[in-house]
Amino acid sequence: MDKGNRPRCEGPMDAPVNRRELLQRMCAGFGTLSLAGLIEDSASAAEKARLPHIAPRAKRAVFLFMNGGPSHVDTFDPKPDLEKFAGQQPTGDLYRKNKGSGYMPSPFKFARHGQSGIEVSESLPNLARIIDDCCVIRSMRTDVPNHEPALLQMHTGNIQPIRPSLGSWLLYGLGTENRNLPGYVVLRPTPKIVVGPALWSNSFLPAEYQAASVVTQDMQVEKLIANIRNPRLSPGEQREQLDLLERLNQIHLARRPGDTELDGQIKAMETAFRMQSEAMETFDINREPAHVREKYGDTAFGRSCLLARRLLEDGVRFVTVYYVNNGNQPWDTHQNHNQNHPKLCADSDRASAALIEDLKLRGLLDDTLVIWSGEFGRTPYAEQADPTKVGRDHHHTAFSTLLAGGGVKGGTVYGASDEFGMNAVENPVHVHDLHATILHLMGLDHERLRYRYSGRDFRLTDVFGKVVKDIIA
Amino acid sequence: MRAVGVFLALVGGAALAAPAVGDKAVATAPPPSESRIDWTEARQHWSFRAPQARPRPAVKRKDWPRQPLDWFVLSRLEQKGFAPAPEADRRTLVRRLTYDLTGLPPTPEEVGAFLADARDGAYERLVDRLLASPRFGERLASMWLPLARYAEDQAHQVGNDTKFFYPNAHLYRQWVVDAFNRDLPYDRFVRLQLAADSLRDEKGSSSSELAALGFLGLGPKYYNRNRLDVMADEWQDRVDTVTRTFLGLTVACARCHDHKYDPVTMHDYYALAGVFASTKMVNKAPSGVVAANTEAAKFPKDALHIVEDDKPQDLNIFLRGNVENKGPVAPRRFLRVLSDADPEPFRQGSGRSELAEAIVAPGNPLTARVMVNRLWGQVFGNPLVGTPSNFGLLGDQPTHPELLDDLAIRFVKNGWSVKSAVREMVLSATYRQSSVVAAAPQPVAKGKKPVDPMTADPANALLWRMNRRRLSVEQWRDSVLFTSGQLDLTGGPSLELTDPANRKRTLYARISRLKLDDFLTQFDYPDANVHAEKRAVTTTPMQKLFVLNSPFAQEQAKALAARLTADAGESDPSRVTRAYQLLYAREPTAAELDLALAYLSGPAEGMPRWERYAQVLLAANEMMYLD
């Protein structure tokens, strides 16, 4: 059986003395429902209440999401024994009946890199070059080897689609750093994506913690953000229009003294006005010099990574960049794995490494957490018998995730899978543990970051999760 | 291999501190026990005791109350040293009432007629006209549908698969609108939504109101419906939606362990889940044709998405919620805490009709309270119980317990008439108060120090004034379309809000679980995957970008400008006056008129001045708030 057989539910950690105390324990959130600091110029009480639980190592984070599940044994987890046992059928309790041609060695050579000497596949030369800035977790695992539940688990902790996403939780816990920009931005080159918006949903968290979801197939700023530019008025004309609006709103407010909500609306309008110019600048990657754009590569993913850097630089709290194309889940290499895998790597590797290096160059890597992962890995054995189409199936009991910056110990390997890459055997890291660790690095205690909904407290990590302290610098 | 990845949750009792344990611990966990609960004691919680009829409380200002509810409100105010706010002016009242009962603003002609009606009972006549409007049902449907997590698709779609979609969901929506319009007694409203297929109408023939079963039949469906664990998730949705909507109880919390706070056990949960496990979801035309496992396009044209009884089955309790770890059988029955003694097992088919009867039974202490509390929230902005779907131990206490009881008792006595309950609320002196905070607090009695209500009760829990309220997304979009002369008042099948030709009321927008419309998301419409207890009210710059720059805002400004010219001719002062009448139900002040005329006389290249000005009026706070 898999964990899908069992719903999960968060109870209180210990019996609260009374309801009021319980509410107070639920960190932040309360009293922020209607207005929140998002729109106020000076930090409001609500925002101050969001002080992190622990000293944060990262102020912002970016998740580079390899949709479809990249093969761990062809990227970060070398398994020479696959060569030795090539063609042998895997034993043990397999999730799906195996019809393929047995263990399948990686056609890609692994070599040691950097001072740390971490072994990385030749398919990722750029990430290999900067591996001393990275931590490789080789013992990841998730509950179910199907895309939808695994995607949902990696994004929301839960395998059914009705929970808030990691980014919404972070925004709820930490608020935004730049009130002129959305605090949580999702970048994807194609509108269609498996599962879809449930991956970045704020679910029952208030709408102010929602993601701004941006399709990056056309990088013109007006195409990126809905309603960011007035089609008919120049900024000066709009300013004149908003001056009138503000006068009328002030007259309205004067007759309703003391209504802070009306005042909040007036401020939100001003923020929106400023956001137009600020976002127009931040979202415009054409302002980057050619040599920088060249480093990321002129691909959909490369351009999105570059945009991610600009967003992080300007105070966006959490950015997700999806590696998707018209195939929705390009890393899902059931067939022709050996041909497709290197192509995907070439694109992803260049842009991902460029982003990490660029952040470092700008002094941002220290407090920016970079996460590179798919929803699971791929089987160390072949899925099909036909050697011309050979591919790898979904694999959830061992896969690799790369972390960089944001308080993570660079040049380290954490955990290990067994000799074939079948199961995480040493220091296994469940997705819940990864989430707990991400929250921890951002200054939040995953057991205290809660939201009361439907009669109980919810957490990103439900009743699970353990901070992986050993990877923290 | 599977065992490696498996962590099982232990979510009961003290085990919480050590959440991850292996299979073994689960297998040896004790079965949940009902004997741990002292049921007599448990039934003492305020909401589990029957509402008590109370004598009308004593008040000093005997000339203030207009309706029975006012005596309760005034009595609390006087006890705390508060004075009620003065009555709002008539313009404010007509705008407030029209929005509250129809979701739309009054027309200038309606405002004029009300102001001109100097006869006795003008206000009552206005109330009765609005209650009789077909817009009333639409207004209350806006309240009801998010409770029923109304939607037309699923959160998850594989490829282009539409077999779990609900293309005719609007038939349920229309049934809800009609039910409120014809003032269907609430007990019947509940019965029909749970068991219309087993009910007879007055003539004794089987009910023609099968569409009501959409309440259950539009629930989330998940892939792999042949798997027990997947179905267990679906049953949880049904239990959760039914118990929170009708009873204000979070029974689904008891799926993996007895409820942490409320006297609701796993037995209770599985006894109700068994009802839905004995039910199947069908797409069935009134002719009886059923679509089985086919794409939505191939459903019968008039298929209703409803439930039918399947083979009745009692579920085993799934220990720790794990479907592979079966505990004792939980015969289908009602909640023990709401039953006098041991609840009788359900015997008729799935048990849905018995469940419905138990919910509306005279002795049920929750059902009427929960509904009048929702109506109160709709009319006054804040419900008396701040957690309208949780009347359990962790829910809020009522701000006015005696009032809630009195309303609940009279709701049932008045034949569960929703219109009568709403009528009393809007006729009350409490409702007619001004929302403006008086500059200087008034002493209640001679020689007594005045209470500053803003300091003593800023949240207005005591109802010392009317709440100022932000319009819902439905009200706001509808009023923009209405005042610009564009609103199409027909119902029927849904349209996408992104469709520029969609001029229908927002209620008739397609609601998606997969991807809720951006505009709805932006303006706080709740996620349709689960019962939505109430809406968040957020203010974000992204909302303002919509108001400033969206094609909708641009088009409506243009349409409004054109309408003003059509209504009031070319004279700027006439058009400005007409705009204020249409949008805000009042005349502009001299200062507002001056500002308008100065702005309108500015340079006029590009976007016409009048369109710019119309957009300002539509974007203003006065357009979004109700005094």
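Whatever comes next refers back to the structure up there.
Rules used throughout
Residues numbered from 1 in each chain as written. Chains lettered and ligands numbered in written order. Predicted model: local features only at pLDDT ≥ 70, side-chain atom pairs only at ≥ 80, totals over all residues. Helix = DSSP H or I, 4+ residues; strand = E, 2+ residues; numbered from the N terminus. Rg over C-alpha atoms; globule rule 2.2 N^0.38 Å. Buried ≥ 20, exposed ≤ 12 C-beta atoms within 10 Å, placed from the backbone. Contact = placed C-beta atoms within 7 Å. Axes fitted to C-alpha atoms, helices over the stretch in contact; angles between N-to-C directions. Parallel < 35°, antiparallel > 145°, perpendicular 65-115°, else oblique. Nonpolar A, V, L, I, M, F, W, Y, C, P; charged D, E, K, R; others polar. Expected span 1.5 Å × (residues − 1). Left-handed = near helix turned anticlockwise from the far one by under 90°. Pairing = 2+ DSSP bridges.

Engineer: Before we move on, could you go through the overall build of chain B and cite the residues and values that matter?
Structural biologist: Of regular secondary structure, chain B possesses 26 helices and nine strands. Rg of the C-alpha trace for chain B: 27 Å, near the compact-globule value of 25 Å for 627 residues, within the 12% margin. Projecting the C-alpha coordinates of chain B onto the three principal axes gives extents of approximately 80 × 65 × 60 Å. Burial status across chain B gives 53% buried among its 627 residues. Of all intrachain contacts in chain B linking residues separated by at least 6 positions in sequence, the fraction that spans at least 24 positions is 65%.

Engineer: Talk me through the overall build of chain A; I want residue IDs and the actual numbers.
Structural biologist: In terms of regular secondary structure, chain A is built from 13 helices and 17 strands. Within chain A, buried positions represent 60% of all 473 residues. Here the contacts in chain A between residues at least 6 apart in sequence split such that 74% fall between residues at least 24 apart.

Engineer: Account for the packing of helix α12 (residues 228-247) of chain B against helix α13 (residues 266-277) of chain B, with residues named and values stated.
Structural biologist: Residues and elements named next belong to chain B. Where α12 meets α13, the axes come as close as 9 Å, and the angle between the chain directions of the two elements is 110°. With respect to their mutual orientation, α12 and α13 come out roughly perpendicular. Only Y269, L272, A273, F276 and A277 of α13 make contact with α12, whose side of the interface consists of W235, R238 and V239. Split by residue class, the contact of α12 with α13 holds seven nonpolar, no polar and one charged.

Engineer: Any chance you could break down helix α15 (residues 367-380) of chain B for me, citing the residues and the numbers?
Structural biologist: Residue and element names in this part refer to chain B. With 14 residues, α15 extends 20 Å from end C-alpha to end C-alpha; this agrees with the ideal 20 Å at 1.5 Å per step. Most of α15 sits out of view: 13 of its 14 residues are buried. Downstream of α15 by a residue or two, G381 has a phi angle that is positive, lying close to 95°.

Engineer: Run through helix α4 (residues 68-79) of chain B, naming residues and quoting values.
Structural biologist: All names here are of chain B. Under the 1.5 Å per step criterion, the end-to-end length of α4 is 18 Å for 12 residues, consistent within 8% with the ideal 16 Å. Within the span of α4, buried status applies to L69, D70, W71, F72, V73, L74, R76 and L77. After α4 finishes, the residue G81 shows a positive phi value of roughly 80°.

Engineer: Go over the packing of helix α5 (residues 90-102) of chain B against helix α7 (residues 122-131) of chain B with me, naming the residues and quoting the values.
Structural biologist: Residue and element names in this part refer to chain B. Relative to each other, α5 and α7 sit at 25°, their axes nearing to 9 Å. When the interaxial angle is binned, α5 and α7 end up roughly parallel. When you trace α5 past α7, the crossing you get is right-handed. Contacts from V94, L97, T98, L101 and T102 of α5 reach α7 at L126, V127, L130 and L131. Looking at side-chain class alone, the contact of α5 with α7 contains seven nonpolar, two polar and no charged residues.

Engineer: Tell me about unusual backbone geometry, residues and numbers included.
Structural biologist: All names here are of chain A. Within the chain, V195 stands out as a residue other than glycine whose phi angle is a positive 75°. Checked against the element boundaries, V195 lands in the loop between β5 (184-188) and β6 (212-215). Residue V195 is classed as buried on the basis of its 25 C-beta neighbours within 10 Å. Despite not being glycine, D462 has its phi angle at roughly 50°, a positive value. Judged by C-beta crowding, with 20 C-beta atoms within 10 Å, D462 ranks as buried.

Engineer: Tell me about the sheet that holds strand β5 (residues 304-309) of chain B, and name the residues and values.
Structural biologist: With respect to topology, three strands assemble into an open sheet ordered β4-β3-β5 (chain B), the strand pairing being antiparallel. The open sheet has two edge strands with one neighbour each: β4 (290-291) and β5 of chain B.

Engineer: I'd like a rundown of the environment of C345 of chain A, residues and numbers included.
Structural biologist: Residue and element names in this part refer to chain A. Tracing the sequence through the fold places C345 in helix α12 (residues 337-361). Through-space distance from the C-alpha of C345 to that of E122 is 9.6 Å; in sequence the pair is 223 residues apart. Apart from the residues lying within four places of it in its own chain, the contact partners of C345 are S123 and L124.

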